[in-house]
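Listed here are the chains, written in short residue letters.
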Amino acid sequence: ITDDLELTLAGRYEYSEATGETFNPKASLRWQAVDWLALRGSVGTTYRAPSAIITQSNFTRGLTNANGTWRANDQYGNPDLDPETAFTYSVGAMAKFGNFRATVDYWNFDFKDQLVLESATDMLAAMFPAGAAVNCGVAKYAGLQQRFVFNGDCGRANVQSYRTQYINGGRVKTSGIDFQANLDVGDVWGGNLTTGVDGTYLLNYDEDPYKIEGIDAPAAGTQKRAGTY
């Protein structure tokens, strides 16, 4: 646009018989405010179609330790999966003082229809919220109960195996700050020394519940996960 202001526009179109069509634009802006400082930002959408493996109706058998003991977990594909989409934006700054360079960026992602595998731990928490068999035989939980194989009566202690499948999960909104700093020290003991640091600080990771056989999992309400792991 000018010697100091640069705009980049991009667009991507995809089509498949399985997931339909999508168009995803992106715009990026960079402004060289002064010799040592530049500002930048971007906004766009993203799209991720489910892989062919997880859209099959067959299953693979694995092992899951969700209840204190390793049990079989039959992980089924799902031919009815929708693509995962997101709206993203970021703003940041870049600085340079001689041999020192630094960047800092704020980013924000808003995911919808996240492609996830149901969690056996979430299934247990939904079926046995207090560790007791209070939901066994309850009509509302009939579909969820059929996802378990029990060694005897319905009960958490009698779980023999699980059946999970790939689904479109709840909405996820996450944001954070990326930072990086590097210093070119120069010649040290006959070699060239460069030192630096980079990292990410997670500000928010809010996840809406998904449903397993109509039951919220792991619990009703948005889960605020930043800082909990």
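Keep in mind that this is a model prediction, so the values were computed, not measured.

Participant: Give me the lowdown on the packing of aromatic side chains, citing residues and values where you can.
Facilitator: A full pass over the atoms with the stated rule returns 10 aromatic pairs. On the numbers, 6.3 Å between centres and 50° between planes, the contact of tyrosine 89 with tyrosine 106 is tilted. Of this pair, tyrosine 89 sits in strand β6 (residues 84-97) while tyrosine 106 sits in strand β7 (residues 100-112), placing them 17 residues apart in sequence. Given the relative accessible area of 32%, tyrosine 89 is considered partly exposed. Under the relative-accessibility criterion, tyrosine 106 is labelled partly exposed at 26%. Members of the aromatic cluster, each reached through a chain of ring pairs, are Phe128, Phe148, Phe150 and Tyr162. The positively charged end of arginine 163 is found above the aromatic ring belonging to tyrosine 76, 3.7 Å away from the centroid.

Participant: Any chance you could break down helix α1 (residues 120-127) for me, citing the residues and the numbers?
Facilitator: Owing to its 3.6 residues per turn, the α-helix aligns residues three or four sequence positions apart on the same side. Burial analysis of α1 places six of its eight residues in the buried class, which makes it a mostly covered element. Put simply, serine 119 is the residue that caps the front of α1, since its side-chain oxygen is 3.2 Å from the backbone nitrogen of threonine 121.

Participant: Outline the sheet that holds β7, listing residues and values.
Facilitator: If you trace the eight strands from one edge of the open sheet to the other, you get β1-β2-β3-β6-β7-β11-β12-β15, paired in antiparallel fashion. The sheet is open, and its two edges are formed by β1 (5-16) and β15 (223-224), each paired on a single side. Bridging between strand β2 (residues 20-34) and strand β3 (residues 37-48) involves eight bridges; their strand directions are antiparallel. Bridging from a neighbouring strand, arginine 30 pairs with arginine 40 of β3.

Rules of the game
Residues numbered from 1 in each chain as written. Predicted model: local features only at pLDDT ≥ 70, side-chain atom pairs only at ≥ 80, totals over all residues. Heavy atoms only, no water. Phe/Tyr/Trp six-rings, centres within 6.5 Å; stacked < 30°, edge-to-face > 60°. Helix = DSSP H or I, 4+ residues; strand = E, 2+ residues; numbered from the N terminus. Buried < 20%, exposed > 50% of the residue type's maximum accessible area, 1.4 Å probe, protein only. Lys NZ or Arg CZ within 6 Å of the ring centre and 35° of its normal. Polar contact = N/O pair within 3.5 Å; in protein donor to acceptor, adjacent residues only side chain to side chain. Pairing = 2+ DSSP bridges.

None of the figures reported here should be taken as evidence of function without further support.
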